[in-house]
Amino acid sequence: MSAAHDALRAANARHMFHPMVDPKVARANPPLIIERGQGVHVWDIDGKRYLDTVAALWNVNVGHDRPELKRAVAEQLDKLAYYSTFQNTSNPPAIELSARLARMFAPEKMTQVLFSSGGSDAVEGALKLARQYWQLEGRAGRTKFISLKLGYHGVHFGGASVNGNPAFRAAYEPLLPGCFQIESPYLYRNPWGESDPAHLAQRCADELDRAIQYQGADTVAAFIAEPVQGAGGVIVPHESYWPLVRAVCDKHGVLLISDEIVTGFGRIGAMCGARAWGVAPDIMAMAKGINSGIVPLGATLINERVADAYYRPEAQAAVMHGYTYSGHALACATANANLEIVEGENLAGRSLEVGAYLAERLEEFRRYPQVGDVRGKGLMAAIELVVDRATKEPLVAPAPFVPALIATARREGAIVRIQGNRLILSPPLVFSRADVDETARILHAAFDAAGRASL
Ligand SMILES: Cc1ncc(COP(=O)(O)O)c(C=O)c1O
């Protein structure tokens, strides 16, 4: 550790606000400063190498330092870094990407793309386009949104309003009126004590049905959910859940918005999460894996049904939403190169295959008394930590187990993420079986050490 590195840490403590943490806590805990990445590894400023078991933030799906993406950046920078897409101007990479996404999601009948700068933006676009759709349909009373408890839809006021975790809402209320959360298909913890996943799916779909009826179907614009709830703890529904939800939405004419920001582009074994469940949503919010985090980018996709309302000749349908960086040329060029890799290397297929092996190895962790549940789909997995298996009381920091687990994993050479009482794994989709083995080795060492630390 050099004086320069200490100065960097001190400057971080002095000047940076980090997301989702009390600044005093962040100030007291010098960050791990990442300086370099390659493939499934990153290095800190002291030169120590770590296995990146979280693909940074579920997003560096093709791995770090891909030459194809660097080439795309350089080539695009030589032509044009940025020009606006307002005022009837456009640029080739954005046009190419919109056509590519429409092609990629033709099975879902997605036809139009509204670009933005990230996931929260994409959700905001989804909510606004949904409301505007109903105005264009002459049903302006359809304004409400229903979403899931533990759902995460980003941090803008719209996304925070449909967010199902009070921790993200409390400091910023009052939020948008007309947003309601219902139970999520969370097998390990649900208010009914239901342990049959298919029955739970039915109960949750029935609750959606009742919620729509209770609000009045002609007041509900859309239901929004993640195909697998990510930040909420990798909550994997039964395979019948999304088809049931689609049927309930159809019964009441309610739009179905799929938040694909984590599940898009292969993470759970299909090009989008809804497709993995055999369902076509009306609107999709995408970001993260769209270009593996190289340049911030989000996209809201709408299907024919929604788009048609905007193209009706008599409709006053100006999209009064968009950002300076909507259709950013550099971001879109990197997305085009990134999606070539995702398709060319069949990363959705790989996610299924390596994800199955990851699931097999994670089962071993049930032997630790602190493990209440293990679950996942594709390369998205969680180990849920509990104080006691019988009571299912969540095991969270500052209990010594949690910091000891993180510290040992780092010492052994892996970055792991613990959110609340869930250890979340979302590695790059280029992860190999050997990388899974290395993850398991490090996690076993971490669970053993953390178990000793909490004696
Ligand atoms: C499902 C989901 N939606 C929305 C977002 C917000 O995306 P961003 O952080 O890019 O604004 C995230 C971020 O993790 C997410 O997981």
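Residues numbered from 1 in each chain as written. Predicted model: local features only at pLDDT ≥ 70, side-chain atom pairs only at ≥ 80, totals over all residues. Heavy atoms only, no water.

## Side note on the domain arrangement of the chain
To keep it simple, the criterion reads: Residue ranges for the domains originate in an automatic or database domain assignment. Note on terms: buried area is the combined drop in 1.4 Å-probe accessible area of two parts once they are placed together, counting the loss on both. Within this document, salt bridges are pairs made up of a side-chain nitrogen of Lys or Arg and a carboxyl oxygen of Asp or Glu, the two lying within 4 Å of each other. Identification of polar contacts relies on pairs of N or O atoms within 3.5 Å, with a donor-acceptor requirement for protein atoms, meaning one able to donate a hydrogen and the other able to accept it, and with residues adjacent in sequence counted only if both atoms are side-chain atoms. Runs of E in the DSSP output that reach at least two residues are strands. Runs of H or I that reach at least four are helices, and both are numbered from the N terminus.
On domain assignment, one finds that the chain holds domain 1 (32–62 + 346–453) and domain 2 (69–344). Taken over C-alpha atoms, the centre of domain 1 sits 27 Å from the centre of domain 2. When the two sides are added together, the surface that domain 1 and domain 2 hide from each other amounts to roughly 2,600 Å², 57% of it contributed by carbon and sulfur. Per-residue buried area on domain 1 facing domain 2 is highest for Trp 58, Lys 377 and Met 380; these three make up 25% of the total on that side. Along the contact surface separating domain 1 from domain 2 lie one salt bridge. Note that Arg 189 is salt-bridged to Glu 384, the shortest N-O span being 2.7 Å. Here domain 1 and domain 2 share 21 residue pairs in polar contact (both at pLDDT 80 or more) between them. Taken together, the elements giving at least two residues each to the side of domain 1 that touches domain 2 come down to helix 3 (55–58), helix 13 (347–363), strand 11 (371–376), strand 12 (381–388) and strand 16 (422–425).

## A look at the pairing of strand 2 (residues 41–44)
The line we're drawing: In this scheme, a residue with accessible area under 20% of its type's maximum is buried, one over 50% is exposed, and one in between is partly exposed, where area comes from a 1.4 Å probe on protein chains only. Pairs of strands are assigned from DSSP output, requiring at least two bridges between the strands.
Because side chains alternate across strand 2, one face comprises the buried residues His 41 and Trp 43, and the other comprises Val 42 and Asp 44, equally buried. The sheet contact formed by strand 1 (residues 34–38) and strand 2 spans four bridges and is antiparallel. What sits directly across from Gly 37, in strand 2, is Val 42. Relative to strand 3 (residues 49–52), strand 2 runs antiparallel, the two sharing three bridges. The residue of strand 3 that forms the bridge with Val 42 is Tyr 50. The turn linking strand 2 back onto strand 3 is made up of four residues, and Gly 47 within it adopts a positive phi angle of 85 degrees.

## Focus on helix 14 (residues 401–412)
For clarity, the cut-off: To estimate how far a helix should reach, multiply one less than its number of residues by 1.5 Å. The arc in question is the one traced by the directions running from the helix axis out to the C-beta atoms. The contact rule is simple, with two residues in contact once any of their heavy atoms fall within 4.5 Å.
Here helix 14 is 12 residues long and its end C-alpha atoms lie 16 Å apart, about the 16 Å a rise of 1.5 Å per residue gives. For helix 14, the complete set of buried residues consists of Phe 401, Val 402, Ala 404, Leu 405, Thr 408 and Ala 409. Looking straight down helix 14, one finds that the buried residues subtend no more than 165 degrees of arc, so they occupy a single side. Residues of helix 14 that are buried in the fold lie against strand 12, strand 14 (414–415), strand 15 (417–419), strand 16 and helix 15 (433–453). Just beyond helix 14, the residue with positive phi is Gly 413, at close to 105 degrees.

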